[in-house]
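Observations on chain architecture
Spelled out from the first residue to the last, the chains are:
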Amino acid sequence: MKRAIYPGSFDPVTYGHIDIIKRSSKLFDELIVAVLTNKGKTTPLFLADERVNILNEVLKDLKNVRVLSYDGLLVDFAMEVDADVIVRGLRAVTDFDYELQMSQTNSVLNRKVDTVFFTTSLKYAYLSSSTVREVAAYGGDISKFVPPYVEKLTYEKFGKKGDK
Ligand code: COA
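Residues numbered from 1 in each chain as written. Predicted model: local features only at pLDDT ≥ 70, side-chain atom pairs only at ≥ 80, totals over all residues. Heavy atoms only, no water.

**Quick look at the site of the ligand**
Taken together, 27 residues surround the ligand, and among them S9, K41, Y98, S129 and S130 come closest. One nitrogen or oxygen atom from the side chain of N38 is found 3.3 Å from an oxygen atom belonging to the ligand. Between the ligand and the protein, one listed contact pairs an oxygen atom with a side-chain N or O atom of Y98 at 2.5 Å. Its free accessible area being 940 Å², the ligand has 87% of it covered by the protein chains. Considering each element in turn, the shell around the ligand owes the most residues, four residues, to helix α4 (residues 93-109). A class-by-class count of the residues in the shell around the ligand yields nine nonpolar, 14 polar and four charged. (Near = heavy atom within 4 Å. Polar contact = N/O pair within 3.5 Å; in protein donor to acceptor, adjacent residues only side chain to side chain. Areas by Shrake-Rupley, 256 points an atom, 1.4 Å probe, with all protein chains shown as cover. Helix = DSSP H or I, 4+ residues; strand = E, 2+ residues; numbered from the N terminus. Nonpolar A, V, L, I, M, F, W, Y, C, P; charged D, E, K, R; others polar.)

Shown next as structure tokens:
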């Protein structure tokens, strides 16, 4: 059984993340989408449990994908769920330094864990969760960035109705 983890903040999940999840889930028996905390980031828009619920809803058709959250080190979580591969997406060269540093730190922390990188589809290369939050905060149209279910909940967080 080859199990991989796709970790992230997913605050909120975007079409860019979903693209990586769909493509990477084809390569493994099971893909665990893991909601983790990046301590460098400020107060999230959605609580971890809310992000798990959202991910479960938007990924419900992907049968070999499981969503979990974890409060701790990614490599410890990997050992807990018996996964030795971490999947990350690279959007542009600007992601590279940070991702390389993170994958090397993780491999120093635990040699058994490897990171594989997927290049994000060109269609979503510009996208980030903070862009989605920023546009939604002003009531702008986020329908090209996130699925309708995420769109609705994101507007609700900001007390906006959006463009629709
Ligand atoms: N499409 C669209 N956006 C994407 C994307 C894609 N394919 N891939 C990444 N992004 C965006 C995210 O939306 C996010 O945007 P934001 O910064 O505007 O919110 C950004 O790129 C990167 O975020 P994410 O992929 O969620 O990772 P992260 O850097 O927030 O967090 C963790 C990385 C959570 C995996 C990392 O902090 C971690 O492992 N934490 C646990 C503690 C630990 O082990 N720390 C040591 C690690 S060295």
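**Topic: the packing of helix α5 (residues 129-137) against helix α6 (residues 148-158)**
Here α5 crosses α6 at 60°, and the two axes come no closer than 9 Å. One element, α5, and the other, α6, form an angle in the oblique class. Where α5 crosses over α6, the two elements pack in a sense that is right-handed. Residue-level contacts link R133, A136 and A137 of α5 to T154, Y155 and F158 of α6. (Axes fitted to C-alpha atoms, helices over the stretch in contact; angles between N-to-C directions. Parallel < 35°, antiparallel > 145°, perpendicular 65-115°, else oblique. Left-handed = near helix turned anticlockwise from the far one by under 90°. Contact = heavy atoms within 4.5 Å.)

**Observations regarding the sheet that holds strand β3 (residues 65-69)**
Here five strands make up an open sheet; going across it, the order is β3-β2-β1-β4-β5 and the pairing parallel. Pairing within the sheet leaves two strands with one partner each, and these edge strands are β3 and β5 (114-119). In this sheet, neighbouring strand axes are inclined to one another by 30° on average, regardless of whether the strands run parallel or antiparallel. Of the strand pairs in this sheet, strand β2 (residues 30-35) and β3 are connected by five bridges, and their pairing is parallel. The residue bridging V33 from the neighbouring strand is V67, located in β3. Where helix α1 (residues 15-25) meets the sheet, its contacts fall on β1 (3-8), β2, β3, β4 (85-90) and β5, and the angle it forms with β5 comes to roughly 120°. (Pairing = 2+ DSSP bridges.)

**Looking at unusual backbone geometry**
Residue D11 is joined to P12 through a cis peptide bond whose omega torsion reads 0°. Within the chain, F10 stands out as a residue other than glycine whose phi angle is a positive 50°. Summarising the element assignment, F10 is placed in the loop between β1 and α1. Classification of F10 as buried rests on a relative accessible area of 3%. (Buried < 20%, exposed > 50% of the residue type's maximum accessible area, 1.4 Å probe, protein only.)

**Quick word on the layout of surface pockets**
Reported here for the largest pocket is a volume of approximately 1,100 Å³. Considering the residues around the largest pocket, the lining is formed by 40 residues, among which S9, N38, K41, R88 and Y98 are closest to the centre. Secondary-structure elements contributing two or more residues to the lining of the largest pocket are β1, α1, β4, α4 and α5. With seven residues, the top contributor of residues to the lining of the largest pocket is α4. By residue class, the composition of the lining of the largest pocket is 14 nonpolar, 17 polar and nine charged. (1 Å grid on protein atoms, 1.4 Å probe; cavity = no way out; pocket = protein on both sides within 12 Å on 5 of 7 lines; lining within 4 Å. Points joined across faces, edges and corners; volume = space filled by probe spheres on them.)

**A closer look at the pattern of salt bridges**
Applying the stated criterion across every chain, the model contains 10 salt bridges. Linking R133 and D11 is a salt bridge whose minimum nitrogen-to-oxygen distance equals 3.8 Å. Of this pair, R133 sits in helix α5 while D11 sits in the loop between β1 and α1; the two residues are 122 residues apart in sequence, bridging distant segments of the chain. When its relative accessible area of 26% is taken as the criterion, R133 is described as partly exposed. Look at D11 and you get buried, because its relative accessible area is 5%. When the shortest N-O distance is used, the salt bridge between E156 and K152 registers 3.1 Å. With E156 and K152 both in helix α6 and four residues apart, the pair spans about one turn of that helix. One salt-bridge network, in which partners are shared between bridges, spans R3, E30 and R66. (Salt bridge = Lys/Arg side-chain N within 4 Å of Asp/Glu carboxyl O.)

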